[in-house]
Amino acid sequence: MNGLKKDIEKVNYSDSISVSMIDGSLIARLKNSKIHLAEIKRVNLNEKEYLFYYLENSKWDELTTGDEVYSELMLCPENKNAQDIDRIYYYTGNYEGLESMNTKELQNIIKDSTLVWKK
């Protein structure tokens with residue numbers, strides 16, 4: 001049982017992940033599991049603002065959390081200009097250096113991502 005709690009994995013995108021603008025802040029929700037860890041990067045590309053993120057959970061939480069449970073994560077608060085975000089992508093790849101990539105490199109990341117929200 002303890003092994004399942006320590007078995008942390010990136011959550012694959014599915015219909016259990018959603019993003020909403022709530023009271024001026026961008027909020028991600030994960031249904032049927034608890035968020036153990038998240039990675040979020042804000043990137044400017046051609047004068048547009050993008051957020052890339054992914055979530056991690058444990059196998060234990062995934063197996064034991066009921067349908068009525070939603071975990072929430074603030075991706076961008078109102079006071080950090082959430083209204084300026086044009087698109088949000090769910091990306092489970094490597095985040096190292098993401099915010100300093102050139103346009104071509106970011107376009108490749110976008111191709112490997114799932115668009116989950118746009119203005």
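Values in this document were obtained by computation on a predicted structure and should not be read as measured data.

Draft legend 1. Region of interest: the environment of Tyr-54. Secondary-structure assignment places Tyr-54 in strand β5 (residues 48-58). Taking C-alpha positions, Tyr-54 is 5.7 Å from Tyr-91, a pair spaced 37 residues apart along the chain. Tyr-54 has contacts with Lys-10, Leu-37, Ala-38, Glu-39, Tyr-90, Tyr-91, Thr-92 and Tyr-95, leaving out every residue within four places of it along the chain.

Draft legend 2. Molecular detail of the pattern of salt bridges. By the definition in use, this model includes four salt bridges. Salt-bridge contacts for Arg-42 lead to Glu-49; the nearest nitrogen and oxygen are separated by 3.0 Å. A relative accessible area of 31% places Arg-42 in the partly exposed class. Judged by its relative accessible area of 19%, Glu-49 is buried.

Draft legend 3. Quick peek at helix α3 (residues 103-111). Along α3, the residues classified as buried are Leu-106, Ile-109 and Ile-110. All buried residues of α3 lie within an arc of 100° about the axis, which places them on one face of the element. Those residues of α3 that are exposed and aimed more than 90 degrees away from the buried face are Lys-104 and Lys-111. For α3, the N-terminal cap is Asn-102; the gap from its side-chain oxygen to the backbone nitrogen of Lys-104 is 3.1 Å.

Draft legend 4. Focus on the confidence of the model for the chain. Predicted confidence across the chain gives a mean pLDDT of 90, with 95% of residues reaching 70 or more. Per-element mean pLDDT across the chain ranges from 65 in helix α1 (residues 2-6) up to 98 in strand β7 (residues 85-90).

Draft legend 5. Geometry of the environment of Glu-62. Relative to the helices and strands, Glu-62 is located in helix α2 (residues 59-64). The partly exposed category is assigned to Glu-62, whose relative accessible area is 35%. Linking Glu-62 and Ala-28, residues 34 residues apart in sequence, is a C-alpha distance of 17 Å. For Glu-62, the residues in contact, after removing those within four places along its chain, are Glu-9, Asn-32, Ser-33 and Asn-57.

Scoring rules and cut-offs
- Residues numbered from 1 in each chain as written.
- Predicted model: local features only at pLDDT ≥ 70, side-chain atom pairs only at ≥ 80, totals over all residues.
- Heavy atoms only, no water.
- Helix = DSSP H or I, 4+ residues; strand = E, 2+ residues; numbered from the N terminus.
- Contact = heavy atoms within 4.5 Å.
- Salt bridge = Lys/Arg side-chain N within 4 Å of Asp/Glu carboxyl O.
- Buried < 20%, exposed > 50% of the residue type's maximum accessible area, 1.4 Å probe, protein only.
- Arc of directions from axis to C-beta.
- Polar contact = N/O pair within 3.5 Å; in protein donor to acceptor, adjacent residues only side chain to side chain.
- pLDDT = per-residue confidence, 0-100.

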